[in-house]
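An overview of the molecular structure
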Amino acid sequence: MINIILFGPPGSGKGTQATKLAEKYELIHISTGDLFRYEMGNDTPLGLKAKEYISKGDLVPDSITIGMLENKLNKHPDSKGFILDGFPRTIAQSEALDEIYAKKNMAVKCLLALNVEDEELVKRLLERGKTSGRADDSDVNIIRNRIKVYGDETAPVYNYYDKQNLSKTINGVGTIEEIFDRLCTQIEA
Ligand code: ADP
């Protein structure tokens, strides 16, 4: 099984690359951001709760996020592996993921972190906001808060997996194909 964490700040291109990697390696792509947007779109209790945080650019609490992720993993018992996009985003989520995988005799194979500098992220997200319909992409203050939250709460996840020798940084600037090739090279290394 190949279980990959695609990591990086908001706007670093995780969603685009995760979709391509899932297709190439026949993995199940799970984006917690997409799962939340689906729930919000259907006005479910989970969606309404998540919206309180997402609209400000804050993280949805671990107590909500971890259960949602575990449910989704459980729906694919026969997969060849998972590519997680947007999870884990806290140390508590990382510890929970390791436990969930261990129960299934699975483990993280690698964490691939897309590296893009902050001003480029702001530019990309504002550009995406023009067409994505995402409220969290159209306000520069919310975008800056998401980048700050990434630095404060999410960046430590890189070190958490680095201690297990699983983290790799990939240059996230270039064409979609160039970045995809860099990721594939790492996965196959
Ligand atoms: P981006 O990577 O561009 O910020 P996502 O679609 O991954 O976008 O996430 C959108 C929002 O959903 C985040 O800003 C956060 O509020 C929430 N979210 C997504 N994944 C998680 C997670 N693992 N833990 C907590 N909140 C999350």
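Residues numbered from 1 in each chain as written. Predicted model: local features only at pLDDT ≥ 70, side-chain atom pairs only at ≥ 80, totals over all residues. Heavy atoms only, no water.

A few points about the sheet that holds strand β2 (residues 28-31)
Strand order in the open sheet formed by five strands is β2-β3-β1-β4-β5, with parallel pairing between adjacent strands. Single-partner strands in this sheet number two, and they are β2 and β5 (167-171). Recorded for the sheet is a direction-independent mean angle of 20° between the axes of neighbouring strands. (Pairing = 2+ DSSP bridges. Helix = DSSP H or I, 4+ residues; strand = E, 2+ residues; numbered from the N terminus. Axes fitted to C-alpha atoms, helices over the stretch in contact; angles between N-to-C directions.)

As for the pairing of strand β3 (residues 82-85)
Walk down a regular strand and you will see the side chains alternate between the two sheet faces. Here β3 shows two buried faces, one formed by Phe 82 and Leu 84 and the other by Ile 83 and Asp 85. Inspection of the sheet shows β2 paired to β3 by four bridges, in the parallel sense. The residue of β3 that forms the bridge with Ser 31 is Asp 85. (Buried < 20%, exposed > 50% of the residue type's maximum accessible area, 1.4 Å probe, protein only.)

Looking at the nonpolar core
Ranked by size, the top nonpolar core spans 30 residues in total, and within it Phe 7, Leu 73, Leu 84, Leu 97, Tyr 101, Leu 111 and Tyr 161 carry the most contacts. Of all elements in the fold, only β1 (4-7), α2 (32-41), α3 (45-54), α4 (62-74), β3, α5 (91-103), β4 (110-115) and α7 (140-162) reach the threshold of two or more residues within this core. The greatest single-element share of this core, amounting to five residues, is contributed by α7. Setting aside residues no more than four positions away along its own chain, Leu 84 makes contact with Ile 4, Ile 5, Leu 6, Ile 30, Leu 69, Leu 73, Leu 97 and Tyr 101. Listed in part, the 17 residues of the second largest apolar core include Cys 110, Ile 179, Phe 180 and Ile 187. (Core = buried A, V, L, I, M, F, W, Y, C linked by side-chain atoms within 4.5 Å. Contact = heavy atoms within 4.5 Å.)

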